[in-house]
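# Coordinate analysis (summary)
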Amino acid sequence: MKAFLKKIVNWSFPKADRDIGDYSNKERNFFLVGMLGQNIIYAIEGAALNVFYTDVLVISTLAVAIIMGISRVWDAVNDVLMGTIVDKTHTKWGKCRPYLKYIPIPIAITTILMFLPITGAPMWFKIIYVCVSFLLWESLYTLGDIPLWGMTSLMTPDESKRSKLISLARIVSSLGAIVIAAFAPLKDAFGKLDLGWFANTGKANYTGYFSEAQGYFLAICLIAIVGGILFKFPFPNIRERINTNTKENDTGVKENLKFMVKNKPFLLTVASMVLGATKMLVLSAGLYFCKWVLGNGSEGMWVIKLGGAFMGGSLLSMAISPYVAKRFSKRNIIILTSYLSAVPYILIFLLGYQNQLLLLGLLLVSGFLSGFSSVYTTTMVADSVDYMEIKIGKRLDGVFFSGLNFTSKLTAAITLLVSNGLLGIVHYTDVIGVLEAEKMAAITQGVQYNLDFANTFPDVARMMLILITIVPAIGCVLQAIPMHFYDLTDKRHKEILEELKIMREKNRITSSEENV
């Protein structure tokens, strides 16, 4: 029986440590399954955590912004440190794969801990708990994210296959955002179950038991477990094919930072991503807009409609991006689509959101124009690894993909800081306090609490509209600026790949002769 089970495990999860040439379709698919699992967790953290802090734990937008600011200081050190650790990893599985074996489940567990509904705790305890749990999650997530994205650079030396893999990875990672749309109805379904765990806190325009805290906790448990399991799939099924580093070539954090600063293509790519951070407010701040302005306290189908339109457009452009890049420069496409993607946001602000078909159509267009840069910036980071390898003779996938990891988290923090800062101007936390008090009064009286948020709080509603239109439009324009100075052309990158092929072959022959 034991031998039979072992055969099943080996058939389902081959070790993938043999030299089998370029990655197979099966290997690619297992990698994408892991990418989906990881991004299910990342998407729900990025979209729901801030709302959980402000609406469930009722922590002020200012306090949440400060906590996120502190975490970014830690990330600045943590990401380069973790990237260096990955590049110094030398095992029979390679340098990235070992982390994909051990990290996914701890990430899932810490995700659940971040959403622990400590609603009755004093404010000082909530803030300390939020700081500790979030920083723990950030550290573990970094140890999973850097190796996973680093594998796109290590699974194949072929530029065409790498571009396709990154394009598919971006598509699948965006599919992880579908969990945001599924989260609202799932949370509401769990919140309506009277399990006796939490007190009835009520819901606007709804009669019966409802606990937002319970809904969040149970929905997150389910999502985190599914994401963690899927994240485990890559390790036994993918392998590294580029191995140019030895222990003698290991570099420290200080030296790696110097390499990052000297890598102009990398710095310009990162600058573009950071400056364009606010364009994704349509997804994160969009939850507030759907919940209050459109749904009067219930996100419901609004998240699915608006998020579906934007993500549908993004997925389409991501799917065709490898083919478009064969005819046009990635740099030029980013510049053009960045400027154009500001137009739909401005039109939504000027024309309003009352016409649903027009709103969904404009979001579809903005998503389509945004998808190209999502794929190409990741590809450019991989290109910058090749660029630096030809200059210094060392391949630092971990270091530069740690920069991508940090950039992703920095852009998320920027969107949160901007969102919370602008919501703070219109006293959003006070509004939540008023709504909670009115809901509890209605429960006590045994009546339904009715809410027309946009007319009751017009200043807050207008600020939420600005957050998903004008602010993203500004980010779209800013994103294009660094690309005007990007000079690692597609032609030059192809030449670098040929030079690297020759250099690696020489190193292999020299190494073989020394071992004889």
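Residues numbered from 1 in each chain as written. Predicted model: local features only at pLDDT ≥ 70, side-chain atom pairs only at ≥ 80, totals over all residues. Heavy atoms only, no water.

### With respect to the overall build of the protein chain
For the protein chain, the count of helices and strands is 21 helices and zero strands. When each of the 516 residues of the protein chain is scored for burial, the buried share is 55%. Within the protein chain, counting contacts between residues at least 6 apart in sequence, those at least 24 apart form 84% of the total. Total accessible area on the protein chain stands at roughly 21700 Å², and carbon and sulfur atoms take up 67% of it. (Helix = DSSP H or I, 4+ residues; strand = E, 2+ residues; numbered from the N terminus. Buried < 20%, exposed > 50% of the residue type's maximum accessible area, 1.4 Å probe, protein only. Contact = heavy atoms within 4.5 Å. Areas by Shrake-Rupley, 256 points an atom, 1.4 Å probe, with all protein chains shown as cover.)

### Quick word on the confidence of the model for the protein chain
Overall, the prediction assigns the protein chain a mean pLDDT of 80, with 84% of residues at 70 or greater. Counted against residues more than four places away or in other chains, residues 4–20, with its pLDDT under 50, gives 24 contacts. (pLDDT = per-residue confidence, 0-100.)

### Quick notes on helix α9 (residues 212–231)
For α9, with 20 residues, the first-to-last C-alpha span of 28 Å sits near the 28 Å given by 1.5 Å per residue. By the criterion of burial, α9 is predominantly enclosed, with 15 of the 20 residues buried. (Expected span 1.5 Å × (residues − 1).)

### Quick look at the nonpolar core
If you look at the biggest cluster of nonpolar residues, it comprises 110 residues, and the most contacted ones within it are F31, Y53, F289, W292, L435, F453 and M464. Looking at this core, the element that brings in the most residues is helix α2 (residues 25–56), giving 14 residues. Those residues in contact with W292, other than ones at most four positions away along the chain, are D55, G297, Y428, I432, L435, L451, F453 and M464. (Core = buried A, V, L, I, M, F, W, Y, C linked by side-chain atoms within 4.5 Å.)

### As for unusual backbone geometry
One non-glycine residue, V58, lies in positive phi territory at about 55°. We classify V58 as partly exposed; its relative accessible area is 29%. Unusually for a residue other than glycine, H427 sits at a positive phi of about 60°. Looking at where H427 falls in the secondary structure, it is placed in the loop between α16 (397–425) and α17 (428–445).

### Some words on the packing of aromatic side chains
In the structure shown here, the tally under the stated rule is 16 aromatic pairs. Summarising the aromatic geometry, the rings of W124 and F125 are spaced 5.9 Å apart at their centres and angled 90° between planes, so their arrangement reads as edge-to-face. The exposure class of F125 is partly exposed, given its relative accessible area of 35%. A cation over a ring is seen here: K305 above W302, with NZ or CZ 5.0 Å from the ring centre. (Phe/Tyr/Trp six-rings, centres within 6.5 Å; stacked < 30°, edge-to-face > 60°. Lys NZ or Arg CZ within 6 Å of the ring centre and 35° of its normal.)

### With respect to a nonpolar patch on the surface
Where nonpolar side chains cluster on the molecular surface, the patch consists of L275, Y339, I474, V477, L478, I481 and F485 and spans about 580 Å² of accessible area. Looking at the nonpolar patch element by element, the count peaks at three residues for helix α20 (residues 470–480). Inspection of the secondary structure assignment puts F485 in the loop between α20 and α21 (490–515). Exposure remark for F485: the relative accessible area of 53% places this residue in the exposed category. (Patch = residues over 30% accessible without salt bridge, like charges linked within 9 Å, V, L, I, M, F, W, Y side chains within 5 Å. Salt bridge = Lys/Arg side-chain N within 4 Å of Asp/Glu carboxyl O.)

### With respect to the pattern of salt bridges
By the definition in use, this model includes 10 salt bridges. When the shortest N-O distance is used, the salt bridge between D188 and K203 registers 3.5 Å. Placement of D188 in helix α8 (residues 178–191) and of K203 in the loop between α8 and α9 is noted, with a sequence separation of 15 residues between them. K203 matches D188 in its accessibility class, with the two residues each being buried. D490 is the partner of K330 in a salt bridge, and the nearest nitrogen-oxygen pair spans 2.8 Å. On the criterion of sequence distance, the pair formed by K330 in helix α14 (residues 330–351) and D490 in helix α21 is long-range, its members being 160 residues apart.

### A short note on the environment of S370
Residue position: S370 is located in helix α15 (residues 356–392). Each C-alpha atom, one on S370 and one on M318, is 9.0 Å from the other, the two residues being 52 residues apart in sequence. S370 has contacts with K279, F310, S341 and Y345, leaving out every residue within four places of it along the chain.

### Here we look at the environment of E299
Along the chain, the position of E299 falls in the loop between α12 (281–294) and α13 (300–325). As for E299 and G286, which are separated by 13 residues in sequence, their C-alpha atoms are 9.9 Å apart. The residues contacting E299, other than those within four sequence positions of it, are A184, K187, L287, C290 and K291.

### So, the packing of α2 against helix α5 (residues 104–114)
For any two helices packed against each other, the geometry is given by the interaxial angle and the distance between the axes. Closest axis-to-axis distance for the α2/α5 pair is 11 Å, and the angle between their directions is 15°. Put simply, α2 runs roughly parallel to α5. For the pair α2 and α5, the crossing hand works out as left-handed. Residues I41, E45, L49, F52 and Y53 of α2 form the contact with α5, whose own contacting residues are I107, A108, T111 and M114. Residues of the contact of α2 with α5, tallied by class, amount to seven nonpolar, one polar and one charged. (Axes fitted to C-alpha atoms, helices over the stretch in contact; angles between N-to-C directions. Parallel < 35°, antiparallel > 145°, perpendicular 65-115°, else oblique. Left-handed = near helix turned anticlockwise from the far one by under 90°. Nonpolar A, V, L, I, M, F, W, Y, C, P; charged D, E, K, R; others polar.)

### Things to note about the packing of α13 against α15
Direction vectors running N to C along α13 and α15 enclose 40°, while the axes themselves pass 6 Å from each other. In terms of their interaxial angle, α13 and α15 are classed as oblique. Considering how the two elements wind past one another, α13 and α15 form a crossing that is right-handed. Its residues placed into classes, the contact of α13 with α15 shows 17 nonpolar, 11 polar and one charged.

### Re the environment of K262
Mapped onto the elements of the fold, K262 is located in helix α10 (residues 253–262). Judged by relative accessible area, which is 55%, K262 ranks as exposed. Sequence separation of K262 and M388 is 126 residues, and the distance between their C-alpha atoms is 8.7 Å. Those residues in contact with K262, other than ones at most four positions away along the chain, are M388 and K391.

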